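# A closer look at the structure
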Amino acid sequence: MTVNSLEIVLLTCIFVAPGFIIDGIVNSFCPIGERKEGVHLLYCIIYSVLQCALFSWAYVLIWKLRESNFTKFIVLMCVVTLIGSCVLGVLIGLFKSKQWIGNLARKMGLNISHPIPTAWDYYFSKQEATFVIVTLIDGTMLYGYFGGDSYCSSSKEGRDIYIEKLYQYDDDAGWTENKESQGVVVNQGQIRFIEFVRKGENNE
């Protein structure tokens, strides 16, 4: 059995790409901040090995098509790699974000540090729609809605937050949406604290 140069490139991609795909998906569920390049590469290698081990049975079956139908062989290898990486990334991301293993360990009396480095990353990684009251350093209070079109950065170089809707607050009328506003971007350095509110319209 011989392996040509095209197959070498294909196999290299199949054994390398899954780690980067999985790591990217896991980080979207559970932001972990900046990592050293060597540590990041190690995580990607571990994820790639895990993915290849779990889906090795599929690769063995597809390999049999290599000589009879090379095009189908390539397509199936890529499809299995992509789908397998996405599925594994979502599962690992859910386990890390829900802290199932950590909660079980704490019930057993084991002290395990949380994988998410900051409270900022922890809350916004949950991706929950909520009303917010942002108090700025100068005492100004911004009332808004953080929903599906909002965004918060998890980069250490510059964490900021985009709030898609702004509200005006009045003691008598409560929360009133500012229809003319298209949202606001606030830098973390301007923020004193953020309060998350369940039902902004009903707060007096």
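Residues numbered from 1 in each chain as written. Predicted model: local features only at pLDDT ≥ 70, side-chain atom pairs only at ≥ 80, totals over all residues. Heavy atoms only, no water.

Within the protein one finds 6 helices and 8 strands. Along the protein, helices and strands appear, N-terminal first, in the series α-α-α-α-α-α-β-β-β-β-β-β-β-β. The burial tally for the protein puts 33% of its 204 residues in the buried class. Sequence separation of 24 or more characterises 58% of the internal contacts of the protein that already satisfy a separation of 6 or more. Carbon together with sulfur atoms contributes 60% to the accessible area of the protein, which is approximately 12,900 Å² in total. (Helix = DSSP H or I, 4+ residues; strand = E, 2+ residues; numbered from the N terminus. Buried < 20%, exposed > 50% of the residue type's maximum accessible area, 1.4 Å probe, protein only. Contact = heavy atoms within 4.5 Å. Areas by Shrake-Rupley, 256 points an atom, 1.4 Å probe, with all protein chains shown as cover.)

Of all the 7 residues making up strand S1 (residues 130–136), 7 are buried; the element is thus mostly covered by neighbouring parts of the structure. Two strands pair when backbone bridges link them, and S1 and strand S2 (residues 141–146) are joined in this way by 6 bridges, in the antiparallel orientation. Paired with valine 132 across the strands is glycine 144, a residue of S2. If you look at the hairpin formed by S1 and S2, you'll find 4 residues sitting between the two strands, and glycine 139 has a positive phi there, around 95°. Alignment of S1 against strand S8 (residues 191–197), held across 6 bridges, turns out to be antiparallel. (Pairing = 2+ DSSP bridges.)

This paragraph deals with the pairing of S2. Here 3 bridges tie S2 to strand S5 (residues 165–170), and the two strands are oriented antiparallel to one another. Across the sheet, residue glycine 144 finds its bridge partner in S5, namely leucine 166.

What follows concerns the confidence of the model for the protein. Across the protein, the average pLDDT comes to 80, with 78% of residues at 70 or higher. The spread of mean pLDDT over the elements of the protein runs between helix H5 (residues 100–107), the lowest at 62, and S2, the highest at 91. (pLDDT = per-residue confidence, 0-100.)

Along the polypeptide, serine 153 turns up in the loop between strand S3 (151–152) and strand S4 (160–163). The buried category is assigned to serine 153, whose relative accessible area is 9%. Separated by 33 residues in sequence, serine 153 and tryptophan 120 place their C-alpha atoms 9.4 Å apart.

What follows is about the sheet that holds S5. Across the sheet, which stays open at both edges, the 5 strands sit in the order S6-S5-S2-S1-S8 with antiparallel pairing between neighbours. The open sheet has two edge strands, strand S6 (174–177) and S8, and neither has a second partner. Here the average twist between neighbouring strands, direction ignored, is 35°. (Axes fitted to C-alpha atoms, helices over the stretch in contact; angles between N-to-C directions.)

What follows is about helix H2 (residues 37–54). Its 18 residues give H2 an end-to-end C-alpha distance of 26 Å, which sits within 8% of 26 Å, the value for a rise of 1.5 Å per residue. Of the positions making up H2, those classed as buried are Cys44, Tyr47, Ser48, Gln51 and Cys52. Looking straight down H2, one finds that the buried residues subtend no more than 130° of arc, so they occupy a single side. More than 90 degrees from the buried face of H2, the exposed residues found are Gly38 and Val49. (Expected span 1.5 Å × (residues − 1). Arc of directions from axis to C-beta.)

Time to look at the sheet that holds S3. Pairing is antiparallel in the open sheet, where 3 strands are placed in the order S3-S4-S7. The two strands at the open ends of the sheet, each matched to only one other strand, are S3 and strand S7 (184–187). Both S4 and S7 contribute to a ladder of 4 bridges, which runs antiparallel. The residue bridging isoleucine 161 from the neighbouring strand is valine 186, located in S7.

The next point concerns the packing of H2 against helix H3 (residues 56–63). Interhelical geometry of H2 versus H3 gives an angle of 65° and a closest axis separation of 4 Å. Here H2 contributes Gln51, Cys52, Ala53 and Leu54 to the contact with H3, which in turn contributes Ser56, Trp57 and Tyr59. Taken together, the residues of the contact of H2 with H3 sort by class into 5 nonpolar, 2 polar and no charged. (Nonpolar A, V, L, I, M, F, W, Y, C, P; charged D, E, K, R; others polar.)

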